[in-house]
Each structure stands twice: as C-alpha cells, then as structure tokens.
Amino acid sequence: METKTMNLTCIRCPMGCSIRVELADGAVTSVTGNTCRRGEEYARTEAVAPVRTVTSTVKARGGVRPVVAVKAVPDVPKQSIFAVMDAIRAAKVCAPVHIGDVLIADVAGTGSNVVASADLAKA
Ligand code: SF4
C-alpha cells in the first residue's frame, strides 16, 4: 500500500486553515486541521482531483461593450486551465448575450461550459 501526506492551505475563505490530508493508494483516508465542512470538501477534492474557478471575458461584436463577462461551470480541472483560457481567448460572440447563455460548450473537453455571467445588449 502506498501512503502519502499532503499539507494544504484551504482557499475557501480568508481564514486559510492549514489542512493535512492522508492518502492510501490514491484514496483519502484522513483530513485534519479544517475548521469547517467546506474545508474538508476542499481538501478531499484538492488531494484527488483539484479544480479551479475560471472567470474571464469573451470578445463580442455589436454590443454596448467589446467583451462579455464569462465563467466556466462547473469549475475546471486544474491541469486544463491553460487550454480553457486558450479557448476563451479564441472565442467571439455576437450581441445580444444573456446571462446564463452557454457560449462555449464542453470547453477544451473538460465537460464544463463557458457561460455568460452578465448581459450584453446590442449597441
Ligand atoms: S476550513 Fe473552513 S474556516 Fe478554514 S479556511 Fe477552509 S473554509 Fe475557511
């Protein structure tokens, strides 16, 4: 059996608790140091399949602004962040855009969608 210990700083709130995660054969066996349930959830995910929130903007034509705010939903695997950002940079949409519109489906093969996080009216 292969065991491993990870020391993490929780990023779910400004408290920044130090969390220790024990793994055996890639599975989490123990989480300590967290102050709340959110910290345990963060640590379990971070130890096995880390994800990150991605927010950005996509270029837009014909709108009152040249870009529209977007977010990847759900959060994307950490190792895919650069591929996701490349896809977002390459994308262009036409106004109008409505909050919640899927602008890029299955971005970079992650299973996450890039959705508008704000409305963009036509100019
Ligand atoms: S464990 Fe809870 S209290 Fe501590 S940083 Fe994470 S979210 Fe905040």
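Residues numbered from 1 in each chain as written. Predicted model: local features only at pLDDT ≥ 70, side-chain atom pairs only at ≥ 80, totals over all residues.

Colleague: Please set out the site of the ligand residue by residue, giving values where relevant.
Modeller: Neighbouring the ligand are Cys10, Arg12, Cys13, Met15, Gly16, Cys17, Asn34, Thr35, Cys36, Arg38 and Gly39. Partitioned by chemical class, the residues of the shell around the ligand number 5 nonpolar, 4 polar and 2 charged. (Near = placed C-beta within 6 Å. Nonpolar A, V, L, I, M, F, W, Y, C, P; charged D, E, K, R; others polar.)

Colleague: An account of the sheet that holds strand S5 (residues 55-61) is requested, with residue identities and associated values reported.
Modeller: Strands pair in a sheet through their backbones, by hydrogen bonds, and they do so in one of two ways: parallel or antiparallel. The 5 strands are arranged S8-S5-S6-S10-S9 in an open sheet whose pairing can be described as mixed. Whereas interior strands pair on both sides, the edge strands pair on one side only; in this sheet they are strand S8 (92-94) and strand S9 (102-104). Taken pair by pair, the neighbouring strands of this sheet meet at an average axis angle of 45°, ignoring direction. As paired elements, S5 and strand S6 (residues 67-73) share 5 bridges and run antiparallel to each other. (Pairing = 2+ DSSP bridges. Helix = DSSP H or I, 4+ residues; strand = E, 2+ residues; numbered from the N terminus. Axes fitted to C-alpha atoms, helices over the stretch in contact; angles between N-to-C directions.)

Colleague: Please provide a residue-by-residue account of the sheet that holds strand S3 (residues 27-32), values included.
Modeller: With antiparallel pairing, 3 strands are arranged side by side in an open sheet as S1-S2-S3. Edge positions in the open sheet fall to strand S1 (3-9) and S3, since each of these has one partner strand only. Averaged over all neighbouring strand pairs, the angle between strand axes comes to 25°, with direction disregarded. Note: S1 against strand S2 (residues 18-24), 7 bridges, orientation antiparallel. Paired with Thr9 across the strands is Ser18, a residue of S2. Seen against the sheet, helix H1 (residues 37-48) touches S1, S2 and S3 and runs at an angle of roughly 145° to S3. (Contact = placed C-beta atoms within 7 Å.)

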